[in-house]
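Notes for the structure review
Here is what each chain is made of, one letter per residue.
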Amino acid sequence: MNSVEIRELDLSFGTVNVLAGLNLDIAQGEFLVLLGSSGCGKSTLLNCIAGLLDVSAGQIFIQGKNVTWAQPSERGIGMVFQSYALYPQMTVEGNLSFGLKNQRMDKEEIKKRVSKASEILQIESLLKRKPAALSGGQRQRVAIGRALVRDVDVFLFDEPLSNLDAKLRTDLRVELKLLHRKLGNTMIYVTHDQVEAMTLADRIAVMKDGVIQQLGDPNTIYSKPTNKYVADFIGSPSMNFFKGPVENGAMQINNESVSLAKYDFHKPYNGLAWLGIRPEHVRSGSDANDCDFNATVVVDLVEPMGADTLVWSTLQDNPFRFRVEGQTDIKQGDKISIGFEIERTSLFDIDTEIRL
Amino acid sequence: MADALTGPSGPPPKRIFSRTNIMLYGTLLVVSIYYLLPLYVMVVTSLKGMPEIRLGNIFAPPLEVTFEPWVKAWSEACTGINCDGLSRGFWNSVKILVPSCALSIAVASVNGYALARWKFKGSELFFSILIVGAFIPYQTMLYPLVIILRELGLMGKLGGLVLVHTVFGMPILTLLFRNYFAGIPEDLFKAARVDGAGFWGIYFRIMLPMSLPIFVVALILQVTGIWNDFLFGVIYTKPATYPMTVQLNNIVNSVQGIKEYNVNMAATLLTGGVPLILYFISGKLFVRGIAAGAVKG
Amino acid sequence: MNQTNHSKRPPQLFKNLSAKIASIPMILTTMVVFVGGTTWTVVHSFTNSKLLPKLNFVGLDQYERLWSSRRWLISIENLAVFGFFSLILMMVIGFFLATLLDRKVRGENIFRTIFLYPFALSFIVTGLAWQWILNPDLGLQQVMHDLGWTSFEFNPLNSGDTVIYGLLIAAMWQGTGLIMVIMLAGLRGIDDDIWKAARVDGIGTVKTYIKIIIPMMRPVFVTALVIVASGIIKLYDLVVALTNGGPGLSSEVPAKYVINYMFRAQNLGQGFAASTMMLVTVAIILIPWAYLEFGGKDNG
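Thresholds applied
Residues numbered from 1 in each chain as written. Chains lettered and ligands numbered in written order. Predicted model: local features only at pLDDT ≥ 70, side-chain atom pairs only at ≥ 80, totals over all residues. Heavy atoms only, no water. Pairing = 2+ DSSP bridges. Helix = DSSP H or I, 4+ residues; strand = E, 2+ residues; numbered from the N terminus. Contact = heavy atoms within 4.5 Å. Buried area = accessible area lost by both parts, 1.4 Å probe. Salt bridge = Lys/Arg side-chain N within 4 Å of Asp/Glu carboxyl O. Axes fitted to C-alpha atoms, helices over the stretch in contact; angles between N-to-C directions. Expected span 1.5 Å × (residues − 1). Buried < 20%, exposed > 50% of the residue type's maximum accessible area, 1.4 Å probe, protein only. Polar contact = N/O pair within 3.5 Å; in protein donor to acceptor, adjacent residues only side chain to side chain. Nonpolar A, V, L, I, M, F, W, Y, C, P; charged D, E, K, R; others polar. Patch = residues over 30% accessible without salt bridge, like charges linked within 9 Å, V, L, I, M, F, W, Y side chains within 5 Å. Areas by Shrake-Rupley, 256 points an atom, 1.4 Å probe, with all protein chains shown as cover. Core = buried A, V, L, I, M, F, W, Y, C linked by side-chain atoms within 4.5 Å. Domains from an automatic or database assignment. Phe/Tyr/Trp six-rings, centres within 6.5 Å; stacked < 30°, edge-to-face > 60°. 1 Å grid on protein atoms, 1.4 Å probe; cavity = no way out; pocket = protein on both sides within 12 Å on 5 of 7 lines; lining within 4 Å. Points joined across faces, edges and corners; volume = space filled by probe spheres on them. pLDDT = per-residue confidence, 0-100. Parallel < 35°, antiparallel > 145°, perpendicular 65-115°, else oblique. Left-handed = near helix turned anticlockwise from the far one by under 90°. Arc of directions from axis to C-beta.

**A look at the sheet that holds strand β1 (residues 4–13) of chain A**
All names here are of chain A. The four strands lie next to each other as β2-β1-β4-β5, forming an open sheet whose pairing is antiparallel. The open sheet has two edge strands, β2 (16–26) and β5 (65–66), and neither has a second partner. Bridging between β1 and strand β4 (residues 57–62) involves five bridges; their strand directions are antiparallel. Counted as the bridge partner of Asp 10 is Ala 57 from β4.

**Regarding the interface of chain C and chain A**
Counting residues at the interface gives seven residues for chain C, matched by eleven residues for chain A. Among the residues of chain C in contact with chain A, His6(C), Ser7(C) and Arg9(C) are the three that bury the most area, contributing 71% of the side total. Counting every contact that joins chain C to chain A gives zero salt bridges.

**Re the environment of Pro53(C)**
Here Pro53(C) is to be found in the loop between α2 (24–44) and α3 (61–67). Placed 216 residues apart in sequence, Pro53(C) and Gly269(C) show a C-alpha to C-alpha distance of 7.7 Å. Once you skip the residues sitting within four places of it in the chain, Pro53(C) turns out to touch Tyr143(B), Ile147(B), Trp40(C), His44(C) and Leu268(C).

**A short note on the sheet that holds strand β9 (residues 203–208) of chain A**
All names here are of chain A. The strand order across the open sheet formed by six strands is β6-β7-β8-β3-β9-β10, and the pairing between neighbours is mixed. Edge strands, defined here as strands with exactly one partner in the open sheet, are β6 (77–80) and β10 (211–216). Each adjacent strand pair in this sheet contributes to an overall mean axis angle of 20°, direction not counted. Bridging between β6 and strand β7 (residues 154–158) involves four bridges; their strand directions are parallel. The residue bridging Ile 77 from the neighbouring strand is Val 154, located in β7.

**A closer look at helix α5 (residues 87–117) of chain B**
The terminal C-alpha atoms of α5(B), which comprises 31 residues, lie 44 Å apart, in line with the 45 Å expected from a rise of 1.5 Å per residue. Of all 31 residues in α5(B), 22 are buried, a share of seventy percent or more.

**A closer look at unusual backbone geometry**
All names here are of chain A. Cis geometry is adopted by the peptide bond preceding Pro 237, which originates at Ser 236 and carries an omega value of -5°. With respect to the secondary-structure elements, Pro 237 resides in the loop between α8 (228–233) and β11 (240–247). Located in the positive-phi region is Gln 63, a residue other than glycine, with phi close to 50°. Along the chain, Gln 63 turns up in the loop between β4 and β5.

**Quick word on the interface of chain B and chain C**
Interface size, as often reported, equals the accessible area lost upon joining of the parts. The interface of chain B with chain C comprises 84 residues on the first partner and 87 residues on the second. Across the chain B to chain C interface the summed buried area is about 7600 Å²; carbon plus sulfur atoms make up 79%. Three residues stand out in chain B for area buried against chain C, namely Tyr35(B), Gln139(B) and Tyr143(B), and they jointly supply 11% of the buried area on that side. Across the contact surface, chain B and chain C share zero salt bridges. Counting every contact that joins chain B to chain C gives 18 residue pairs in polar contact (both at pLDDT 80 or more). The greatest single-element share of the side of chain B that touches chain C, amounting to 15 residues, is contributed by helix α2 (residues 19–46) of chain B. Residues of the side of chain B that touches chain C, tallied by class, amount to 63 nonpolar, 18 polar and three charged.

**Quick word on the pattern of salt bridges**
Residues and elements named next belong to chain A. Within this structure, the stated rule accounts for 25 salt bridges over all chains. The salt bridge partner of Arg 283 is Glu 341, with a shortest N-O separation of 3.7 Å. With Arg 283 in strand β15 (residues 283–284) and Glu 341 in the loop between β19 (335–340) and β20 (346–349), the pair connects residues that are 58 residues apart, well separated along the chain. Among the residues examined, Glu 341 registers a relative accessible area of 14% and is labelled buried.

**Overview of a nonpolar patch on the surface**
Residue and element names in this part refer to chain C. On the surface, Leu 13, Phe 14, Leu 17, Ile 21, Ile 24, Leu 28, Met 31, Val 32 and Val 35 cluster together into a nonpolar patch covering about 790 Å² of accessible area. When contributions to the nonpolar patch are tallied by element, the ones reaching two or more residues are α1 (17–22) and α2. Tracing the backbone through its elements, the reader meets Val 32 in helix α2. For Val 32, a relative accessible area of 41% translates into the label partly exposed.

**Focus on the nonpolar core**
In this structure, Tyr236(B), Phe115(C), Met183(C) and Met217(C) are the most contacted members of the largest nonpolar core, which totals 152 residues. With 16 residues, the single largest contributor to this core is helix α8 (residues 163–188) of chain C. A domain-level breakdown of this core finds at least three residues from each of domain 1 (2–66) and domain 2 (87–296) of chain B. Excluding residues that lie within four positions of it along the chain, Tyr236(B) makes contacts with Met141(B), Leu142(B), Leu145(B), Val146(B), Leu149(B), Met155(B), Gly156(B), Lys157(B), Leu161(B) and Val164(B). Core analysis: the second largest hydrophobic core is formed by 68 residues, Ala85(A), Ile105(B), Tyr113(B) and Phe199(B) among them.

**Concerning the packing of aromatic side chains**
If you walk through the whole model with that rule in mind, you get 55 aromatic pairs over all chains. Here the aromatic rings of Tyr143(B) and Phe272(C) are separated by 5.6 Å at their centres, their planes lie at 75°, and the arrangement is edge-to-face. One end of the pair, Tyr143(B), is in helix α7 (residues 139–152); the other, Phe272(C), is in helix α14 (residues 268–294), on a second chain. For the pair Tyr143(B) and Phe272(C), one class covers both residues: buried. Ring centres of Phe177(B) and Phe181(B) lie 6.0 Å apart, and the angle between their planes is 20°; this geometry places the pair in the stacked category. Taken together, the residues span about one helical turn, with Phe177(B) and Phe181(B) both in helix α8 (residues 158–183) at a distance of four residues. Across this residue pair, the class does not change: Phe177(B) and Phe181(B) are buried. Within the aromatic cluster, the residues linked to one another by ring pairs are Tyr113(B), Trp118(B), Phe177(B), Tyr180(B), Phe181(B), Phe189(B), Phe199(B), Trp200(B), Tyr203(B), Phe204(B) and Phe215(B).

**Brief notes about empty space enclosed by the protein**
Using the criterion set out here, one finds four cavities of 30 Å³ or more in the structure. What the second largest cavity holds in volume is close to 90 Å³. If you go around the second largest cavity, the residues you meet are Phe135(B), Pro137(B), Val226(C), Ala229(C), Ser230(C), Ile233(C), Lys234(C), Val282(C), Ile285(C) and Leu286(C). Looking at the lining of the second largest cavity, the element that brings in the most residues is helix α11 (residues 218–234) of chain C, giving five residues. Looking at the lining of the second largest cavity residue by residue, the class counts come to eight nonpolar, one polar and one charged.

**What to know about the pairing of strand β3 (residues 31–35) of chain A**
All names here are of chain A. Of all five residues making up β3, five are buried, and the element is well covered by its neighbours. Neither face of β3 is left uncovered, since the one carrying Phe 31, Val 33 and Leu 35 and the one carrying Leu 32 and Leu 34 both have all their residues buried. Relative to β9, β3 is paired through four bridges, and the arrangement is parallel. In the sheet register, Leu 32 faces β9, and the bridge partner there is Arg 203.

**Quick notes on the confidence of the model for chain C**
The predicted model of chain C has a mean per-residue pLDDT of 87, with 97% of residues at 70 or higher. Model confidence for chain C, summarised as mean pLDDT per element, is weakest for helix α7 (residues 140–146) of chain C at 80 and strongest for α2(C) at 94.

**Quick look at the packing of helix α3 (residues 107–121) of chain A against helix α4 (residues 136–148) of chain A**
All names here are of chain A. With their axes 9 Å apart at the nearest point, α3 and α4 run at an angle of 140° to one another. Taken together, α3 and α4 sit at an angle that is classed as oblique. In this structure, the crossing between α3 and α4 has a hand that is right-handed. Residues Ala 117, Ile 120 and Leu 121 of α3 touch α4, and the partners they reach there are Arg 141, Ile 144, Gly 145 and Leu 148. Residue classes in the contact of α3 with α4 are distributed as five nonpolar, one polar and one charged.

**Quick word on helix α6 (residues 123–133) of chain B**
Among the residues of α6(B), Ser123(B), Phe126(B), Phe127(B), Ile129(B), Leu130(B) and Gly133(B) are the ones counted as buried. What you see down the axis of α6(B) is that its buried residues fit within an arc of 160°, all on one side. Check the buried side of α6(B) and you find it contacts α5, α7 and α8 of chain B together with α2 of chain C.

Rendered as structure tokens:
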């Protein structure tokens, strides 16, 4: 049995369709990340699962029960919000126990659950404090605790780390992953941050315009993006793209015919196509010589980032970015030879932009 | 020489007694006199005896301070055949004020909360009508309300006036509360729903404890408005239940008897005293109340 | 646990039921009092109702009588004169005082408290206070005479030609503080960087106000204008307290005309017709404003 199942979900506000015919199965104990830029419908989908938005059509099942029209509190979910959403007038303890009191749970049981959750999250010393007296990281721990005490099967996270500074975000990300390993609950996590998505997810659903573009494990999403949008969205800096004709197993790039023999086509294809190659898969200098494709480019700009360096140049009239090691003496104006292997590239249909 | 080179360039900063400042503060002081004068005149007049008023100058401080006009205004001044002073109107106004404030604020806060967070089909339409209704002259609704109150058996009774104040206070108060509740982060509301709280649970347990300031603002708005009301008081009550403003006007503008200006001014100050004290105590909140009510309206 | 079936959409009526119940007072107020009451009055303005409302239609008779009534014509003229001057004076004085206080004045709170306190007072109190100050025998005029300035004449309340200015003085005293506070809030809402930019560009204070600040404050001016305008039409209590319509009929206003015919003269039809005319006046002011304010946002 799947933990969460979504069938043909539609949601529209007036004439605007936010979600259309969406299907999604989430396995028991899975960490699923909904990833996309703002307005793609990821938070909307999460709110539908939580029952905070009424769907227009379709069904939602949680733990095998049809909860499409159930109240949020009846669905067996816990939710963590971007702005923490702690009740400002209640202590941490009050925040943790509010939901349980609403269930009319007996006091002993509430106490037991609160102390267990606060032990897991290491917030025992904060129980008597009000949210205003907590740091951002502590607040988010309390917010997670509020979901934890409910002892539910499914946790929903709505960009929980976005309000934290970079360092804290990294720390909490690791904690969240450890927490998931410890609890084994199903977690659905909405974010626009691809690093969070890649590091946390068992599977990522990349969304755009209310439609899931690709659903897969982080590695597949990264190396075999299903269409040009996903290829472009994942990875920073993003993938380089070139247009060129594909004919008889070869592609014309930079006035050179490159054999596509090593490319894993879904089906044979002839015609115009996009070729994409990630900056980190480009080789440069002497390494480039025995690649499937190589060329010489002029360096336009060098961006040192510490661990590595990003080099901007131009290839076939398009900007072309590639990574080299951090300590490099490449300068603007240098001529440098680059190359890449065909099995590292992604090819897309020029019209449908679907992976070939 | 080195000092001269590194010293500041340009003219030195303006002093407090620059010409602009003298003009600025001069204007403010003159304007302040215009605003303060009536209050001053009322106070000094109310402390003088009638002979002194007839002979003297209204701006002169009293030669002999007497509180007799205040006592007379409170307990002896006549309206028609009743000679029990403004105290009757004062207590009537209190009896009108307390339930009117409580009812109008309770109704409008729940209503504003529903409009901010629990929209339903048509709720926005009703809200629009409500706001437009705030601009409809009361005169077109006065008589229909007479009929409604008569049908409810509330015409001429305190309960009727309470209802009228609740109805006419609703647009501005609802707007005030709706905007305030809409400003509370939606996530908080969602979190409470996930925690199993419903419409009333969220209102009483989450929203109310967070909203004390806006309730104070609403209270100031209502106390001032209802205390100062004349129109509804004169139409929907009987002489025995007249609020203080109506009784005050009847005392001062009565054509019978000799005019006792000192008593009149004492009565006027007594009536104006309640909102005035509230104003001086609440300060910033009063300003916030009228600014919030006005700018958004 | 009671297993309810959540696979079906619950009936629309019961969805959000608590919110609907909580909104009943609003629904009753808007539909019964605002819409219903106003419609009722407008409909009955076409009848010859006297002591009691009757649905005996007489066409536009009440309106013809209204517009041939001297008292109504005086009321309308008074309202126009009062409205014209009070709009201009309120806006100018309110804005002027706000700019003074916006100059980072010491004791800003004290000045604001002084300018605004009359607004806390009722029109009745305002009217009675000014009636006393403007008393020709014992008030301001007499003080000037006693000081030796015997030709000083300031007695607006006793002449039909000037009584409206007496009303204006009192109304300005009571209401300018409110407009000042609104304008000041508007001025404070303007980004400080605008002032810095103007200073860097070398634009003077007065010029900055006229060229930059006032155009930016357009919405605030519109709001203030609407508040002043709707206050003018409601003008009633102040007249009752200050002049009671006198001398003669010279300070009558429409709101007073309505109350008089509805509740004193027992000529309901006249009262309804006059109040309908007030409603029409408000609509004439309000509709262009609503159009400017909300019309453009419909497609957004």
